[in-house]
Amino acid sequence: RQQGFGSQLINYLYSEATNLQVDFIGSSFGLTNQLARFWFSNDFRLVKLGIKRDASSGEYSAIMLRSMSSQSAKVVSQLVTICQQQIDFHKTYRFSELPIDTIEFLLSKIKEKMRQEIITNIDNIVDSYNQKISETLNIDKKILDKIWKGEEVSPTKNVKTEDVVTETEEEKTEEVKTDSGLDEK
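Small disclaimer: the values here were computed from a predicted structure and weren't measured.

What counts, and where the lines are drawn
Residues numbered from 1 in each chain as written. Predicted model: local features only at pLDDT ≥ 70, side-chain atom pairs only at ≥ 80, totals over all residues. Heavy atoms only, no water. Helix = DSSP H or I, 4+ residues; strand = E, 2+ residues; numbered from the N terminus. Buried < 20%, exposed > 50% of the residue type's maximum accessible area, 1.4 Å probe, protein only. Contact = heavy atoms within 4.5 Å. Pairing = 2+ DSSP bridges. Axes fitted to C-alpha atoms, helices over the stretch in contact; angles between N-to-C directions.

Trainee: Pulling in residues and values, what's your account of the overall build of the protein chain?
Mentor: Helix and strand counts for the protein chain stand at seven helices and three strands. For the protein chain, the sequential pattern of α-helices and β-strands runs α-β-α-β-β-α-α-α-α-α. Within the protein chain, the fraction of its 185 residues that count as buried is 24%. Summarising the internal contacts of the protein chain: among those between residues at least 6 apart in sequence, 54% fall at separations of at least 24.

Pasting the structure below:
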């Protein structure tokens, strides 16, 4: 325990499952704080918590999944939402024997991941929007990113088109006036 062998094994399993194009990998176990922390630390998400203690382990059964594709990530996310609602609903009745710190830990991990998903979704929407604006207005996407971040942008340097007008050195020299009011050449 605590030497990282389990996590290494899961990472190996994950890479093999990726090669086989598996949608997700999962684990079912008797819930303890230590096991929940282990599975959460390996990017698994709680999708089901049994409503009574399991006869064989004496613990509440938990099912956790790790999505392997964008399609399965959507399914897992929906299952997590349902699981959170069930935990919230049953925490004072069916889960009354489950330690309160375990319930709080589970809910905090679920909500933390949901916040991360929301931020990722917002970032994806902004990126998509920037891409469409960039294509429509022929503006470099990096410029739009700077604008969203509130950074200063110099439009003459950042426009994609080739027909940006800049002064040549000759034109600059012609415009410079000396103290006597004569043009320098």
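Further notes follow.
Trainee: Tell me about the sheet that holds strand β1 (residues 24-30), residues and numbers included.
Mentor: Pairing in this open sheet of three strands is antiparallel, and the strands run β1-β3-β2 from one edge to the other. Two strands in the sheet have a free side with no partner beyond their single neighbour: β1 and β2 (45-53). Adjacent strand axes in the sheet meet at a mean angle of 15°, parallel and antiparallel pairs treated alike. Of the strand pairs in this sheet, β2 and strand β3 (residues 60-67) are connected by five bridges, and their pairing is antiparallel. By the bridge assignment for β3, Leu 46 is matched with Met 64. Here helix α2 (residues 33-41) sits on the sheet and contacts β1, β2 and β3; the angle it forms with β1, its principal contact strand, is near 175°. Against the sheet, helix α3 (residues 70-90) contacts β1, β2 and β3, and its axis sits at roughly 35° relative to β2.

Trainee: Outline the environment of Thr 102, supporting the account with residue identities and numerical values.
Mentor: Relative to the assigned elements, Thr 102 resides in helix α4 (residues 100-137). Once residues lying within four places of it in the same chain are set aside, the contact partners of Thr 102 are Leu 31 and Asn 33.

Take it as geometry only, folks, not as evidence of what the structure does.
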